[in-house]
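One-letter residues, chain by chain:
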2 protein chains.
Amino acid sequence: VPRTASVDDADLIARLLADFNDEYGDPRPPVEQLAARLRELMEAGDTAVALADGDLGVAVLRLRPNLWSTAREAYLAELYVVPDRRGQGLGRPLLEHALDLARSLGADRVELGTSEDDVAARKLYEKCGFTRFEGEGGPLMFVYEREL
Amino acid sequence: VPRTASVDDADLIARLLADFNDEYGDPRPPVEQLAARLRELMEAGDTAVALADGDLGVAVLRLRPNLWSTAREAYLAELYVVPDRRGQGLGRPLLEHALDLARSLGADRVELGTSEDDVAARKLYEKCGFTRFEGEGGPLMFVYEREL
């Protein structure tokens, strides 16, 4: 069963996120620095984390006040299951736990960005009620980004 | 020349954003409620706004600490130019002012979500250095969202 992480889990979360970035060759800070940042953000209340059964995966939520309502809005910043435990049904309960967590923290919507290539994750998001279309039968929604 | 809005501009910003949503038939709170929310978020420092020359457009930035660096990250939540002044070159300086503003507020990256249909905005983002691809020649990045 997935669980909601506490600040005491920051080292474990940082290790999982570091492994995630290393798997995809993405740059990252040292694990200790990432753990310190996580502690800071979790304590400030703008970041909440769910851990999969056996700590074999992690979901990171960022929260902020929603401009368009009096609630908060959530952003699913990271979703990761360790490589040798994929395809075994850990992702869905982890994601559902994260959605419940976002709801319990006052969010009324959740958004995420994912790559066209990430077919397994996209299937999971679609099974869990996410859409990449703007409205029924509407156009696709793209993420655009740049460094500053 | 675009300018950085202050909290005193909240009513004007709310009016522009309300017009934006009305143009696309998107639901929105009453203008007074939106203005109050803007004041609250701008005072809290998580929201910054740029206004186009003559107040004919608006760009709304949301800011938060970047998990992956010691900087902040920015999200361009809204970009709007009034209908009868589109195609007259107001968008680019407005967007560039918003990027400078994000930088001056400590952000090291900026992200946004936009629809496939919004061809003029997408061209502007691409001219201003944004990409919708993950890495050079990489896959597209999609926004997924759901209500909670």
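The coordinates are above.
Bear in mind that the values here come from a model prediction, so they are computed numbers and not experimental data. (Residues numbered from 1 in each chain as written. Chains lettered and ligands numbered in written order. Predicted model: local features only at pLDDT ≥ 70, side-chain atom pairs only at ≥ 80, totals over all residues. Heavy atoms only, no water.)

**Q** Where do I start with the relation of the copies chain B and chain A in this structure?
**A** Turning one copy of the chain about an axis and sliding it along that axis gives the other copy, so a rotation and a shift relate them. The two copies are related by a screw operation: chain B maps onto chain A through 180° of rotation and 0.0 Å of translation along the axis, at an RMSD of 0.0 Å. Each copy turns onto its partner about a two-fold axis. Closest approach to the rotation axis within chain B is made by the C-alpha atom of F142(B), at a distance of 2.3 Å. Same-surface contact between copies: 100% of interface residues of chain B are shared with the interface of chain A. (Least-squares fit on C-alpha atoms with pLDDT ≥ 70 in both. Contact = heavy atoms within 4.5 Å.)

**Q** What exactly am I supposed to notice about the pattern of salt bridges here?
**A** Where charged atoms from two side chains of opposite charge approach closely, those side chains can pair. Overall, the coordinates contain 32 salt bridges over all chains when judged by the stated rule. The salt bridge involving D22(B) is made with R28(B); its shortest N-O contact spans 2.7 Å. Several salt bridges converge on common partners, so that one network encompasses D46(A), R62(A), E145(A), R64(B), E73(B), R109(B) and E111(B). (Salt bridge = Lys/Arg side-chain N within 4 Å of Asp/Glu carboxyl O.)

**Q** Looking at this structure, how should I read the pairing of strand β5 (residues 107-115) of chain A?
**A** The side chains of a regular strand alternate between both faces of the sheet. Residues and elements named next belong to chain A. Burial runs high along β5: seven of the nine residues are buried. With three bridges joining them, strand β4 (residues 72-81) and β5 adopt parallel strand pairing. Across the sheet, residue A74 finds its bridge partner in β5, namely V110. With helix α3 (residues 91-104) bridging β4 and the parallel β5, this β-α-β connection has right-handed handedness. (Buried < 20%, exposed > 50% of the residue type's maximum accessible area, 1.4 Å probe, protein only. Helix = DSSP H or I, 4+ residues; strand = E, 2+ residues; numbered from the N terminus. Pairing = 2+ DSSP bridges. Right-handed = clockwise from strand over helix to strand, strands pointing away.)

**Q** Help me understand the packing of aromatic side chains in this model?
**A** Geometry of an aromatic ring pair is reported as the spacing of the ring centres plus the angle between the planes. As enumerated under the stated definition, the model contains nine aromatic pairs over all chains in all. Ring centres 5.8 Å apart and planes at 75° place the aromatic pair F20(B) and Y24(B) in the edge-to-face group. An angle of 65° between the planes, with centres 5.6 Å apart, marks the rings of Y125(B) and F130(B) as edge-to-face. A single burial state applies to Y125(B) and to F130(B), both of which are buried. Through a chain of ring-to-ring contacts, three or more aromatic side chains come together here, namely F20(A), Y24(A) and Y80(A). (Phe/Tyr/Trp six-rings, centres within 6.5 Å; stacked < 30°, edge-to-face > 60°.)

**Q** Is there a simple way to explain the nonpolar core in this structure?
**A** General note: in soluble globular proteins, nonpolar side chains tend to be found buried as a group. Within the largest apolar cluster, 56 residues are counted, with the highest numbers of intra-cluster contacts made by L76(A), Y125(A), F130(A), L76(B), Y125(B) and F130(B). What Y125(A) contacts, discounting residues up to four positions off in sequence, is L76(A), L79(A), L95(A), L112(A), T114(A), F130(A) and Y144(B). (Core = buried A, V, L, I, M, F, W, Y, C linked by side-chain atoms within 4.5 Å.)

**Q** Whenever I open this one, helix α4 (residues 119-127) of chain B confuses me. Can you help?
**A** Every α-helical turn comprises 3.6 residues, leaving residues that sit three or four positions apart pointing alike. Among the residues of α4(B), those classed as buried are A121(B), R122(B), L124(B) and Y125(B). One side of α4(B) holds all its buried residues, which, seen down the axis, span an arc of 160°. Residues of α4(B) that are exposed and point over 90 degrees away from its buried face: A120(B), K123(B) and K127(B). Considering only its buried residues, α4(B) is in contact with β6 (141-147) of chain A together with β4 (72-81), α3 (91-104) and β5 (107-115) of chain B. (Arc of directions from axis to C-beta.)

**Q** What is the right way to look at the packing of α3(A) against helix α4 (residues 119-127) of chain A in this model?
**A** Each pair of packed helices can be described by the angle between their axes along with the distance between the axes. Residues and elements named next belong to chain A. For the pair α3 and α4, interaxial distance at closest approach is 10 Å and the crossing angle is 55°. It follows from the interaxial angle that α3 and α4 lie oblique. In terms of crossing hand, the pair formed by α3 and α4 is right-handed. Residues G91, R92 and L95 of α3 lie in contact with α4, whose contacting residues are L124, Y125 and K127. Residue composition of the contact of α3 with α4, by class: three nonpolar, one polar and two charged. (Axes fitted to C-alpha atoms, helices over the stretch in contact; angles between N-to-C directions. Parallel < 35°, antiparallel > 145°, perpendicular 65-115°, else oblique. Left-handed = near helix turned anticlockwise from the far one by under 90°. Nonpolar A, V, L, I, M, F, W, Y, C, P; charged D, E, K, R; others polar.)

**Q** For this particular structure, what's the right way to read the interface of chain B and chain A?
**A** Size of an interface, as often reported, equals the accessible area lost when the parts are brought together. Every contact between the two is made by 56 residues of chain B and, on the other side, 56 residues of chain A. For the pair chain B and chain A, the summed buried area comes to about 5700 Å², and 56% of that belongs to carbon and sulfur atoms. Three residues, W68(B), Y144(B) and L148(B), lead the burial of chain B against chain A; their summed loss comes to 18% of the area buried on that side. Where R109(A) meets E145(B), a salt bridge forms, and the shortest distance between an N and an O atom there is 2.4 Å. Inspection of the chain B/chain A interface yields 34 residue pairs in polar contact (both at pLDDT 80 or more). Of all the secondary structure elements, the ones that give two or more residues to the side of chain B that touches chain A are α1 (10-23), α2 (31-44), β3 (57-65), β4, α3, β5, α4 and β6 (141-147) of chain B. Considered class by class, the residues forming the side of chain B that touches chain A number 26 nonpolar, ten polar and 20 charged. Direction of pairing for β5(A) relative to β6(B): antiparallel, over a ladder of seven bridges. Of the residues in β6(B), the one forming a bridge with V110(A) is R146(B). (Buried area = accessible area lost by both parts, 1.4 Å probe. Polar contact = N/O pair within 3.5 Å; in protein donor to acceptor, adjacent residues only side chain to side chain.)

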